[in-house]
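An overview of the molecular structure
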There are 2 protein chains.
Amino acid sequence: MAPRVEGKRKRADVAGSGRSSAREALLEAAGDLMAERKTLDISLNDIAARAKANSALVKYYFGSKQGMLLALLQREMAGAIAQIEHLVEVNATATEKMRVHIAGLINLYYRKRFVNELLFSLLRQSTPEMSKLISDQIVKPAAEAQRKILEQGIAAGEFIPVDPTLFYFTVVGACHQIFAGSFALQAVFDEEGLTESLRRRFIDHTTAIILTGIKAP
Amino acid sequence: MAPRVEGKRKRADVAGSGRSSAREALLEAAGDLMAERKTLDISLNDIAARAKANSALVKYYFGSKQGMLLALLQREMAGAIAQIEHLVEVNATATEKMRVHIAGLINLYYRKRFVNELLFSLLRQSTPEMSKLISDQIVKPAAEAQRKILEQGIAAGEFIPVDPTLFYFTVVGACHQIFAGSFALQAVFDEEGLTESLRRRFIDHTTAIILTGIKAP
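Read on for a plain summary of the structure. Source: prediction; values computed, not measured.

The next subject is the overall build of chain A. For chain A, the count of helices and strands is 11 helices and 0 strands. Helices and strands appear in chain A in the N-to-C order α-α-α-α-α-α-α-α-α-α-α. Overall, chain A is about 60 × 40 × 35 Å in size when its C-alpha atoms are taken along their principal axes. Within the span of chain A, comprising 217 residues, buried residues form 50% of the whole.

Set out below in structure tokens:
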């Protein structure tokens, strides 16, 4: 549902007020610069310049730079969370759902390499209130949806009994490490880097190992 | 082999020169403070105070703070790399070796939670020369040893054919994410945190999924 709301807001801006189009432009600029420069450490001036906006608007819209980073994280994750929550409800086997979920996670990290780093960085630096907000809005819904798919599979005899908490970390780690450690692809393994063909090989590899790893005999 | 060298050096210090005992004390202080404060961002003054040494010695022994962090990483990883290189040579099935390797990785991250973060942080900030040093001395030997165990298992018909490069990231990620994201254990999953009993459950869980995931039918 969330991406549709974003879409509506964007269309409304084009037609009119300009208020949230500057807000959107700031978020988009921050995300683009993080992706291009491969770091979360982007100055407000650079973000404002890219967005063709005054950097004082950051304070106006988001309260602080951290508030802007949180809004960016929420914006980037909204689609992914809506997707997995939808996946829980569709009429398919748990094995098929888990396959789509794992591929979706890898695709998310492939397209938005900074989201996981941003999530951890915000959690490390944030107040207890912001931590709770991130947990409640982002980590919990994703973990909960994944747990439901796992339980569907266990109940249907497709999966062996697996601890859903530990499994959450297994899946996120197995899908994310190649992006976190992508420097090593070239430096250690003579790969070209995070190419489209590597993304496809990695989806096949990861879904095969995890789905075989939890398959009921 | 590496830990034995460290041991010898330490014994010599007790007997005599004091030179490398201050060096060792600085490394130990840096590692302890990172573990205690759960951040890599420790000032030279704090490290020197903990080591009861003059902070100018950092420059003297390591050239720079970054040089000291590299020495710390090498020191912490030496034992783990010697272990997996030894594991390749022992007389055991590839399945047994892989089980010991996975448990060893989890134990390393459990005891030295900052090593992986330190590795990535140094690689991100470092010169091409330092990057190459870290790749050659730490990542390559570990990846190479893991590849040999995988190939032994494929040749013996214990494992299905698996891409060793992709598998490297699968294993490191699956073992490491729970430590990188340990905040979520309490905030999202109502676990107590990274306890000894969780460590054991996590070793059983991870070895079961990965070994089943690559097992030849």
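The next thing to look at is the packing of aromatic side chains. Summed over the entire model, instances satisfying the criterion amount to 14 aromatic pairs over all chains. For the pair A:Y61 and A:F62, a centre-to-centre distance of 6.2 Å together with 70° between the ring planes defines the contact as edge-to-face. Members of the aromatic cluster, connected to one another through ring pairs, are A:Y60, A:Y61 and A:F62. Residue placement shows B:R113 over the ring face of B:Y110; its charged tip is 4.9 Å from the ring centre.

Bringing the relation of the copies chain A and chain B into the picture now. Superposing chain A onto chain B takes a rotation of 180° plus a shift of 0.0 Å along the axis, which leaves an RMSD of 0.0 Å. Interpreted geometrically, this transformation is the action of a two-fold axis. Interface residue correspondence from chain A to chain B reaches 98%, placing this contact among same-surface, isologous pairings.

Now for the state of the cysteines. Taken as a whole and assessed by the stated rule, the structure comprises 0 disulfides over all chains. The structure places no disulfide on A:C175, whose sulfur is separated from the nearest cysteine sulfur, that of B:C175, by 14 Å. Judged by relative accessible area, A:C175 falls into the buried class, the value being 0%.

What follows is about empty space enclosed by the protein. Overall, the coordinates contain 1 cavity of 30 Å³ or more when judged by the stated rule. Of the pockets and cavities examined, the largest cavity occupies roughly 30 Å³. Residue lining of the largest cavity: A:T170, A:A174, A:I209, A:I210, B:T170, B:A174, B:I209 and B:I210, and that is the complete set. For the lining of the largest cavity, the secondary-structure elements that each account for two or more residues are α9 (164-180) and α11 (196-214) of chain A together with α9 (164-180) and α11 (196-214) of chain B. Broken down by class, the residue content of the lining of the largest cavity amounts to 6 nonpolar, 2 polar and no charged.

Once that is clear, we can look at helix α3 (residues 44-51) of chain A. Since there are 3.6 residues in each turn of an α-helix, residues three or four apart along the chain are aligned in direction. All names here are of chain A. Of all the positions in α3, only I47, A48 and A51 are classed as buried. When α3 is viewed along its axis, its buried side chains cluster within an angular range of 95° and face the same direction. Opposite its buried face, α3 presents the exposed residues N45 and A49, each directed more than 90 degrees away. In the stretch just after α3, K52 is the one whose phi turns positive, near 50°.

All names here are of chain A. Structurally, the position occupied by L27 is in helix α2 (residues 19-37). The exposure class assigned to L27 is buried, which follows from its relative accessible area of 1%. Apart from the residues within four sequence positions on either side, L27 is in contact with F62, M68, A71, L72 and R75.

A few words on the packing of α11(A) against α11(B). Running from N to C, α11(A) and α11(B) cross one another at 110°; their axes reach a closest spacing of 7 Å. It follows that α11(A) is roughly perpendicular to α11(B) by the angle criterion. Crossing geometry of α11(A) relative to α11(B) is assigned as right-handed. Mapping the contact onto sequence places A:A208, A:I209, A:T212, A:G213 and A:I214 in α11(A) and B:I209, B:T212, B:G213 and B:I214 in α11(B). Per-class residue counts for the contact of α11(A) with α11(B) are 5 nonpolar, 4 polar and no charged.

On to the side chain of B:Q177. Mapped onto the elements of the fold, B:Q177 is located in helix α9. Judged by its relative accessible area of 7%, B:Q177 is buried. Once residues lying within four places of it in the same chain are set aside, the contact partners of B:Q177 are A:N116, A:F120, A:F169, A:V172 and A:G173.

The interface is formed by 40 residues belonging to chain A together with 39 residues belonging to chain B. Interface of chain A and chain B: buried area, both sides summed, is about 3500 Å²; carbon and sulfur atoms make up 74% of it. It is A:L166, A:F169 and A:Q177 that lose the most area in chain A upon contact with chain B, and together they represent 20% of the buried surface on that side. The interface formed by chain A and chain B includes 2 salt bridges. A salt bridge links B:D163 to A:R201, with the nearest nitrogen and oxygen atoms 2.6 Å apart. Counting across the chain A and chain B interface gives 4 residue pairs in polar contact (both at pLDDT 80 or more). In terms of residue count, α9(A) provides more of the side of chain A that touches chain B than any other element does, 12 residues in total. Per-class residue counts for the side of chain A that touches chain B are 24 nonpolar, 10 polar and 6 charged.

Rules used throughout
- Residues numbered from 1 in each chain as written.
- Chains lettered and ligands numbered in written order.
- Predicted model: local features only at pLDDT ≥ 70, side-chain atom pairs only at ≥ 80, totals over all residues.
- Heavy atoms only, no water.
- Helix = DSSP H or I, 4+ residues; strand = E, 2+ residues; numbered from the N terminus.
- Buried < 20%, exposed > 50% of the residue type's maximum accessible area, 1.4 Å probe, protein only.
- Phe/Tyr/Trp six-rings, centres within 6.5 Å; stacked < 30°, edge-to-face > 60°.
- Lys NZ or Arg CZ within 6 Å of the ring centre and 35° of its normal.
- Least-squares fit on C-alpha atoms with pLDDT ≥ 70 in both.
- Contact = heavy atoms within 4.5 Å.
- Disulfide = S-S within 2.5 Å.
- 1 Å grid on protein atoms, 1.4 Å probe; cavity = no way out; pocket = protein on both sides within 12 Å on 5 of 7 lines; lining within 4 Å.
- Points joined across faces, edges and corners; volume = space filled by probe spheres on them.
- Nonpolar A, V, L, I, M, F, W, Y, C, P; charged D, E, K, R; others polar.
- Arc of directions from axis to C-beta.
- Axes fitted to C-alpha atoms, helices over the stretch in contact; angles between N-to-C directions.
- Parallel < 35°, antiparallel > 145°, perpendicular 65-115°, else oblique.
- Left-handed = near helix turned anticlockwise from the far one by under 90°.
- Buried area = accessible area lost by both parts, 1.4 Å probe.
- Salt bridge = Lys/Arg side-chain N within 4 Å of Asp/Glu carboxyl O.
- Polar contact = N/O pair within 3.5 Å; in protein donor to acceptor, adjacent residues only side chain to side chain.

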